[in-house]
Amino acid sequence: MRLPRIMVWESDGWMARQLRELAAENRWLLRSVRSARRLRQVLNAGGVCGVCLLQFEPWSERREPIELLAEMHLRWPDVAVVAVSDVKLPEAERAAWTAALFDLGARYVLFPPLTKPVLEDVVSGLMLATLRRVIGDEEGPGITRPARSEPVTEDRSTIVPSQKKNEVIDLAQEEDEA
Amino acid sequence: MNPHLIPAAELPMLDPKRCNTCGLCVVICPTQCLQGSRLGPWLARPLDCLACAACVVVCPKNALQMVNLSDVEEPLP
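What counts, and at which threshold
Residues numbered from 1 in each chain as written. Chains lettered and ligands numbered in written order. Predicted model: local features only at pLDDT ≥ 70, side-chain atom pairs only at ≥ 80, totals over all residues. Heavy atoms only, no water. Helix = DSSP H or I, 4+ residues; strand = E, 2+ residues; numbered from the N terminus. Buried < 20%, exposed > 50% of the residue type's maximum accessible area, 1.4 Å probe, protein only. Contact = heavy atoms within 4.5 Å. Salt bridge = Lys/Arg side-chain N within 4 Å of Asp/Glu carboxyl O. Bend = angle between axes of the 7 residues up to and from the residue. Pairing = 2+ DSSP bridges. Axes fitted to C-alpha atoms, helices over the stretch in contact; angles between N-to-C directions. Polar contact = N/O pair within 3.5 Å; in protein donor to acceptor, adjacent residues only side chain to side chain. Nonpolar A, V, L, I, M, F, W, Y, C, P; charged D, E, K, R; others polar. 1 Å grid on protein atoms, 1.4 Å probe; cavity = no way out; pocket = protein on both sides within 12 Å on 5 of 7 lines; lining within 4 Å. Points joined across faces, edges and corners; volume = space filled by probe spheres on them. Phe/Tyr/Trp six-rings, centres within 6.5 Å; stacked < 30°, edge-to-face > 60°.

Enquirer: Explain the overall build of chain A residue by residue, including any values.
Expert: Summing up its helical and strand segments, chain A has seven helices and five strands in all. Buried residues in chain A amount to 44% of all 178 residues. The contacts of chain A with a sequence gap of at least 6 include a subset with a gap of at least 24, amounting to 74%.

Given below as structure tokens:
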């Protein structure tokens, strides 16, 4: 039986907490694991499809997440992997890491700032892709986002900058008025 | 822990080699957590599964069995 899940391998449980509502809304299983051994156990249990978020540390000696990413791409192709780092890097290094992880099989690579709407947007898109791949129906059931969260893909053109931000405060004038 | 995220202790697992895609399990499921797909039945809404095992009982090919997933699961932080 194919079993849709959101799996998260991270050290502190932050990402899993951000995705709780999305998983509950769509009645998917959400599992947070702390070790590669546990993640492999879950995947080996059989029938797993869905989304997996892997936390990785660029330039770290700990290469396990990256090795697992490559292994998952080969052994469990039904699982879309998102590589997530909470380390801020210069733009060139981010681009290099993103390219390398794409080559290894990551669907998305996320760097800070990481926010709940960003995570929900990425994961809900991959959940929908999983449904379409399994059911094979373009007009199948959709993915519901939690009511309180707003998508990040809002129309930025409608946002009007505040006038106050552009105002120049004339300190000399304020002193005269005083 | 959020009660909406606690799955049943056991969930149905399919042996695809035995399944003849008759769809009886999908029809019998009281919570409609099972759905048909081009690859046979699948557990589309696992958190809605009550582990009633009606799908296991109705399967004419014994392709379904309840599997305890607790040995590989960890609770959410």
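Enquirer: Go over the pattern of salt bridges with me, naming the residues and quoting the values.
Expert: Residue and element names in this part refer to chain A. Under the definition given, this model contains eight salt bridges over all chains. Of the charged contacts in the structure, one is a salt bridge between Arg 75 and Glu 71, with a shortest N-O distance of 2.9 Å. On the criterion of helical spacing, the pair formed by Arg 75 and Glu 71 is a turn pair, its members being four residues apart in helix α3 (residues 64–75).

Enquirer: I'd like to hear about helix α1 (residues 14–26) of chain A, residue by residue, with values.
Expert: Turn by turn, an α-helix covers 3.6 residues, leaving residues three or four places apart pointing in a common direction. Residue and element names in this part refer to chain A. Maximal helix bending in α1 amounts to about 40 degrees, located at Arg 20. Looking at α1, one finds that the buried residues are Met 15, Ala 16, Gln 18, Leu 19, Arg 20, Leu 22, Ala 23, Ala 24 and Asn 26. Residues of α1 that are buried make contact with β1 (3–9), β2 (29–33), β3 (48–55), β4 (79–84) and α5 (116–135). Of the residues trailing α1, Arg 27 is marked for its positive phi of about 60 degrees.

Enquirer: I'd love a proper account of the sheet that holds β4 of chain A, names of residues and values included.
Expert: Residues and elements named next belong to chain A. Spatial strand order, β2-β1-β3-β4-β5: five strands in an open sheet with parallel pairing. In the strand order of this sheet, the two ends are held by β2 and β5 (108–110), each with one partner. Along the sheet, successive strands turn relative to each other by an average axial angle of 20 degrees, direction set aside. Where β1 and β3 come together, seven bridges link them in parallel fashion. Residue pairing across strands places Pro 4 opposite Cys 49, the latter belonging to β3. Sheet strands touched by helix α2 (residues 36–44): β1, β2, β3 and β4. Its angle to β1, the strand with the most contacts, is close to 175 degrees.

Enquirer: Residues and numbers for the interface of chain B and chain A, please.
Expert: Opposite the 30 residues of chain B that make contact, chain A presents 32 residues. Taking the shortest distance from any N to any O, the salt bridge between Asp 48 of chain B and Arg 27 of chain A comes out at 2.7 Å. Our enumeration of links across chain B and chain A arrives at two residue pairs in polar contact (both at pLDDT 80 or more). For the side of chain B that touches chain A, the elements supplying multiple residues, two or more each, are β1 (10–14), β2 (34–35) and β3 (42–43) of chain B. The biggest single contributor to the side of chain B that touches chain A is β1 of chain B, with four residues. Tallied by class, residues from the side of chain B that touches chain A come to 20 nonpolar, four polar and six charged.

Enquirer: Explain empty space enclosed by the protein residue by residue, including any values.
Expert: Residue and element names in this part refer to chain B. Going through the model one piece at a time under the given rule, you end up with two cavities of 30 Å³ or more. Volume-wise, the largest cavity comes out at about 90 Å³. The class makeup of the residues in the lining of the largest cavity is twelve nonpolar, one polar and no charged. Volume-wise, the second largest cavity comes out at about 80 Å³. Lining the second largest cavity are 13 residues, and of these Cys 19, Asn 20, Cys 22, Cys 25 and Cys 59 lie nearest its centre. Residues that form the lining of the second largest cavity fall into these classes: ten nonpolar, three polar and no charged.

Enquirer: Outline the packing of aromatic side chains, supporting the account with residue identities and numerical values.
Expert: Residues and elements named next belong to chain A. On inspection of all chains with the given rule, the structure shows three aromatic pairs over all chains. Residues Phe 56 and Phe 111 carry aromatic rings whose centres are separated by 6.0 Å and whose planes lie at 75 degrees to one another, so their mutual orientation is edge-to-face. One end of the pair, Phe 56, is in the loop between β3 and α3; the other, Phe 111, is in the loop between β5 and α5, and 55 residues separate them in sequence. Owing to a relative accessible area of 12%, Phe 111 belongs among the buried residues under this scheme. Summarising the aromatic geometry, the rings of Trp 59 and Trp 97 are spaced 5.2 Å apart at their centres and angled 75 degrees between planes, so their arrangement reads as edge-to-face.

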